[in-house]
Amino acid sequence: MKKNKTDRSVSPVPNAPTPERESAAYRSGWLVWSGLFCLAVVLAWVAYAPAINGGYVFDDITLTFRSDPNFAARGATDVLRGVRPLVELSHWVVYQLTGGRPFLHHLISVLIHAASSVLLGYILLRLLTLAGTVSRSTPWIAALGAGIFLLHPANSEAVAYITSRSEVLSVFFYLAALAVFLGRDELLISWRRAIAVLGLFVLALLSKEHSLTLPIALVMLDLWIYRQSLAGLLRNGWRVYGLMVAGAAMGALLVAKVLQGAVTAGFGMKDLTWWEYLLTQGRAIVLYLRLFLLPVGQNGDYLFPISRSPLEYGAIFYWAALIAAAIAAIVYRKRAPLVSLGFLLFLVLLMPTSSVLPIQDAAVERRVYLSSIGLLIATAGLLRRIDLPLSTLRYAGLALLLVLTIGTFQRSEVWASHDAFWNDVLAKNPDSWRANVQVGLTALEGGRCQEALERFEKALPRAAANFAAALHMNYARALDCAGRPAEAEKEFRASLAIENQAATWTQLGVFYARAERSPEALDAFNQAVTLNPGFPLAYSNRGNLHARLGDCARAVPDFEKALQLMPSNTTAQRGLAYCRERERR
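Here's what I pulled together on the structure shown here. Computed from a predicted model, the values in this text were never measured in an experiment. (Residues numbered from 1 in each chain as written. Predicted model: local features only at pLDDT ≥ 70, side-chain atom pairs only at ≥ 80, totals over all residues. Heavy atoms only, no water.)

With that settled, the discussion passes to the overall build of the protein chain. Summing up its helical and strand segments, the protein chain has 28 helices and 0 strands in all. The C-alpha extent of the protein chain, read off along each of the three principal axes, is 95 × 55 × 45 Å. Buried residues in the protein chain amount to 51% of all 585 residues. By sequence separation, contacts in the protein chain at least 24 residues apart represent 71% of the contacts at least 6 residues apart. Between the averaged position of the 56 positive side-chain charges in the protein chain and that of its 42 negative side-chain charges there is a distance of 11 Å. (Helix = DSSP H or I, 4+ residues; strand = E, 2+ residues; numbered from the N terminus. Buried < 20%, exposed > 50% of the residue type's maximum accessible area, 1.4 Å probe, protein only. Contact = heavy atoms within 4.5 Å. Lys, Arg positive; Asp, Glu negative; His and termini not counted. Charge placed at Lys NZ, Arg CZ, Asp CG, Glu CD.)

Next comes the structure, spelled out in structure tokens:
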């Protein structure tokens, strides 16, 4: 059939590779790309070795497979009903294979990260090719961009922190969708390609909600790289964009579901309005940009101060600079399309977390992970314009990657253990209430009562409102440890006044039991069970009290219930064994 020359839907893409210009790097087949993936795995393993062999850090303790005693017994379909189904499923599969050991969790994150870097290399190669002027340096620029993503210290939180599995998994699917979208040599988007992009979009959304920005990214690629008008974009891409609308609607429902149960994010936050958060995010975005350009002074817990007015911390000036840069990117989009596209895409990719939706942590390094894709596109475009000699590009690039590897290895050491992480945070931010609490808990577990008291006392005035009850409870435990029981009881009561929790009643019961105040201890344990019948520690500690009072008839049902709820409960295991032995005598 003869092609209609006026049918723009089947016209070739501007600067589409002709046979003589085709880059061998992305046409050479799976063997080459598999080899590049293996190389990426080796490099990532070197950079992240400490974290791969490390433990659980920060909020890892709240992950479902660690906090839910019945997690192992749950089926895959049950796990998929969670907020981020694919993330939960990945944790469930690893848990079935290894139990509670963290090694495979870390390894999987590193492997996904390595695969994402290869996908990004392909994307950069396509963008450079489609933008025109292919040269011998083009594959090297793409490889350098992929290497920077792979080895950049600013990405260490996303990769080394198990809780950030949602980042690496969603970005992998996000990049895969971009790669499929950019893999065409005609403006027309076929049904097959549109369905593939939609499928990857859905997988990205099921991993993390920030993937909602993908349709915007696709539109930007059509406008900047494929150089289509809005009319042409709709005519040639109606299949994919029509499907994207349905996918985005699903994503909006997922966001609503996440926010419904969230206490640290959403428009309902009492102490953080949307406009205060928006003012603050200008400074946060500049921080992310600085971390990409100069990854020094990194911190796992910034506790970024909030700008309550346009002038507080210079918020308005940061936004003015960002808006000016965005306008410049639009003005110069034809002269430097990749630089323009990359910077604007950087801002777009930060929209879900760095605009008007309040989040308790106003700045965290893992937000650099997705947004750095835009900055790497801009970097590739800048290197293309500078046109360095190939030897200079090679050696300078290798030197840069070596420096980045060292920096990532050092950050990986920080993310390798609970103590290393919090001591690093405390050294950089002595006023961090979370760091003081965590170091205080470590001191309390080690019997260093006075040190624990000092840490908790420093944290009390600064702690977030949603953590106040837990902090007062732990402060009470430290006072008890230090031999100040009257003050400890007062703090337990203060904690209960803030929030009536089963965990606090259980700790109060343990406090009374140690003080030989058995009736009060029993009453506290009963309160805990009434408040939360599914709290295993209340049963195991009440069983302990009954056993100590010589009443194994009442202790055994408590131990059995505790083990039903939490099979790994060693207190209940020992108590039940003790009572069974007494029955045999």
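With that settled, consider the pattern of salt bridges. In total, this model carries 19 salt bridges according to the counting rule given. Put simply, D424 and R411 hold a salt bridge, and the shortest N to O gap is 3.2 Å. Of this pair, D424 sits in helix α19 (residues 418-428) while R411 sits in helix α18 (residues 390-414), placing them 13 residues apart in sequence. Where R542 meets D558, a salt bridge forms, and the shortest distance between an N and an O atom there is 2.9 Å. Residue R542 is found in helix α26 (residues 536-548), and its partner D558 is found in helix α27 (residues 552-565); the two are separated by 16 residues along the sequence. A single salt-bridge network, built from bridges that share partners, covers D301, D361 and R434. (Salt bridge = Lys/Arg side-chain N within 4 Å of Asp/Glu carboxyl O.)

The next point concerns the state of the cysteines. On inspection of all chains with the given rule, the structure shows 2 disulfides. Across the disulfide, C449 is cross-linked to C481 (sulfur-sulfur distance 1.8 Å). Disulfide C449-C481: the torsion about the S-S bond is -45 degrees, which places it as left-handed. With C449 in helix α21 (residues 449-459) and C481 in helix α22 (residues 468-481), this residue pair connects regions lying 32 residues apart in the sequence. Here C481 falls in the partly exposed class, since its relative accessible area comes to 33%. Between the sulfur atoms of C552 and its disulfide partner C579 the distance amounts to 2.2 Å. Of note, the bridge from C552 to C579 carries an S-S torsion of about -80 degrees and is left-handed in sense. In this pair, C552 sits in helix α27 while C579 sits in helix α28 (residues 570-584), placing the two residues 27 residues apart along the sequence. Take C552 and C579: they sit in the same class, and that class is buried. Numbered in order of appearance, the disulfide-bonded cysteines of the protein chain are paired 1-2, 3-4. (Disulfide = S-S within 2.5 Å.)

Inspection of the secondary structure puts E491 in helix α23 (residues 485-498). The side chain of E491 is buried and forms no salt bridge, while K490, the nearest opposite charge, is found at 6.1 Å. Setting aside its immediate chain neighbours within four residues, E491 contacts H472, Y475, A476 and L479.

Everything listed here is a matter of geometry and, on its own, says nothing about what the molecule does.
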